[in-house]
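Chain by chain, the residues run as shown.
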Amino acid sequence: DSFDGVVMAEVLEHLRIDPLYTLREVRWVLRPDGVLLVTTPNLHHLARMVNYVKRSGVMWSTPVESYATLETKGHMGHNRVYTSEDLIETLEYCGFGVDSVEYMMMEWDYWESGERGSSSVKSTVARVLCERVPRLRKALAAVATPDV
């Protein structure tokens, strides 16, 4: 009962050991009327779906690729990417009531980072699709409050 709010911006997907423990600790330190804001990448993002098809149904890198990244960079990047349903289930399991979940696309998000500012056909089509089909947007934002 110490904090009015907690922001976990692009954190949850990096937790390798026990994100449930972390969320329960956040729940414990929030006041009963406190608010948790979580943002995390969206598993259903258009570019991620295209990559999935290109890799013949492989969503993540191989174990060797993942752990070699840990060796060279000191971290593995995203341990787990969530769907909106996954995020809601996880938050509720950890003692939160989920007030809202929205799909986000920032104006600077393009198809690929190499195309930043590009007006290529691929980039334009991707932007239009993500505008019209929110589920394909890059990130999720959830607002949750402790269940009392």
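Only a predicted model underlies this, so the values are computations on that prediction, with no experimental measurement involved. Residue numbering note: each chain is counted from 1, following its sequence as written. Where local features are concerned, this predicted model is filtered to residues with pLDDT of at least 70; where side-chain atom pairs are given and counted, the filter is 80 or more; whole-chain, interface and lining totals use all residues. Neither water nor hydrogens contribute to the side-chain values; these are computed over all heavy atoms in the structure.

1. Points about the sheet that holds strand β2 (residues 30-41)
Threshold: One bridge is not enough; two strands pair if DSSP finds at least two bridges between them. Numbered from the N terminus, helices here are DSSP runs of H or I no shorter than four residues, and strands are runs of E no shorter than two. Lines are fitted to the C-alpha atoms to define the axes, a helix being fitted only along its stretch in contact, and any angle between axes, read from their N-to-C directions, falls within 0 to 180 degrees. Every residue pair with non-hydrogen atoms within 4.5 Å of one another is taken to be in contact.
The 4 strands lie next to each other as β1-β2-β4-β3, forming an open sheet whose pairing is mixed. In this open sheet, the two strands that pair with only one neighbour each are β1 (3-9) and β3 (96-104). For this sheet, the mean angle separating the axes of adjacent strands, direction not counted, is 15°. Direction of pairing for β1 relative to β2: parallel, over a ladder of 6 bridges. Residue methionine 8 lies in a different strand from β2, and its bridge partner there is valine 38. Contacts between helix α4 (residues 84-93) and the sheet are confined to β2, β3 and β4 (139-146), with β3 contributing the most and set at about 160° to the helix.

2. Regarding the nonpolar core
Note the cut-off: Here, nonpolar core means buried Ala, Val, Leu, Ile, Met, Phe, Trp, Tyr and Cys residues that are tied together by side-chain atoms lying within 4.5 Å of each other. Burial classes: relative accessible area under 20% of the type maximum marks a residue as buried, over 50% as exposed, and values in between as partly exposed (1.4 Å probe, protein chains only).
In this structure, Met8, Leu23, Leu36, Leu87, Leu91 and Phe96 are the most contacted members of the largest nonpolar core, which totals 17 residues. Secondary-structure elements contributing two or more residues to this core are β1, α1 (19-29), β2, α4, β3 and β4. Residues within four places of phenylalanine 96 in sequence aside, it is in contact with Leu23, Val26, Arg27, Leu30, Leu36, Leu91, Ala144, Thr145, Pro146 and Asp147.

3. Concerning the pattern of salt bridges
Should the charged atoms of two oppositely charged side chains come close, the side chains can pair. For clarity, the threshold we go by: Throughout this description, the term salt bridge denotes a Lys or Arg side-chain nitrogen within 4 Å of a carboxyl oxygen of Asp or Glu.
Inspection of the entire model under this criterion finds 3 salt bridges. The shortest N-O distance in the salt bridge between aspartate 4 and arginine 31 comes to 2.7 Å. Linking aspartate 4 in strand β1 with arginine 31 in strand β2, this pair joins segments that are 27 residues apart in sequence. For arginine 31, a relative accessible area of 32% gives the class partly exposed. With a shortest N-O distance of 3.1 Å, arginine 135 and glutamate 85 are connected by a salt bridge. Taken together, the positions of arginine 135 in the loop between α5 (121-132) and β4 and glutamate 85 in helix α4 put the pair 50 residues apart, joining distant regions of the chain. Since its relative accessible area comes to 32%, arginine 135 is described here as partly exposed. Since its relative accessible area comes to 41%, glutamate 85 is described here as partly exposed.

4. Re the side chain of serine 84
Within the fold, serine 84 resides in helix α4. Beyond its immediate stretch of four places on either side in the chain, serine 84 contacts Val101, Tyr103, Arg135 and Leu140.

5. Observations concerning the pairing of β2
Put simply, side chains in a regular strand alternate between the two faces of the sheet. Where we set the bar: With its strands directed away from the observer, a crossover is right-handed exactly when the path from the first strand over the helix to the second travels clockwise.
After leaving β1, the chain enters α1 and then returns to the sheet as β2, a path that is right-handed. Summarising the sheet, β2 and β4 pair through 6 bridges and their orientation is antiparallel. Considered in β4, the bridge of proline 41 is made with alanine 139.

6. Some details on a nonpolar patch on the surface
To keep things clear, this is the line we draw: Within this analysis, patches are made of residues with over 30% relative accessible area and no salt bridge. Like charges are joined at 9 Å or less; nonpolar side chains (Val, Leu, Ile, Met, Phe, Trp, Tyr) at 5 Å or less. Residue exposure ignores everything except the shown protein chains as possible cover, and the areas themselves are Shrake-Rupley values with a 1.4 Å probe.
A contiguous nonpolar surface patch, about 320 Å² in accessible area, is contributed by Val121, Val125, Leu129 and Val133. Turning to its location among the elements, leucine 129 is positioned in helix α5.

7. Brief notes about the packing of aromatic side chains
How we decide: Stacked, edge-to-face and tilted are the three classes for Phe, Tyr and Trp ring pairs, Trp counted by its six-membered ring, which pair at centre distances within 6.5 Å; planes under 30 degrees apart are stacked, over 60 edge-to-face, the rest tilted. Only when the NZ of Lys or the CZ of Arg is both within 6 Å of the ring centre and within 35 degrees of the ring normal is a charge said to sit over the ring.
Counted according to the given criterion, the structure contains 0 aromatic pairs. Here the basic side chain of arginine 80 rests over the ring of tyrosine 82, its NZ or CZ set 5.2 Å away from the ring centre.

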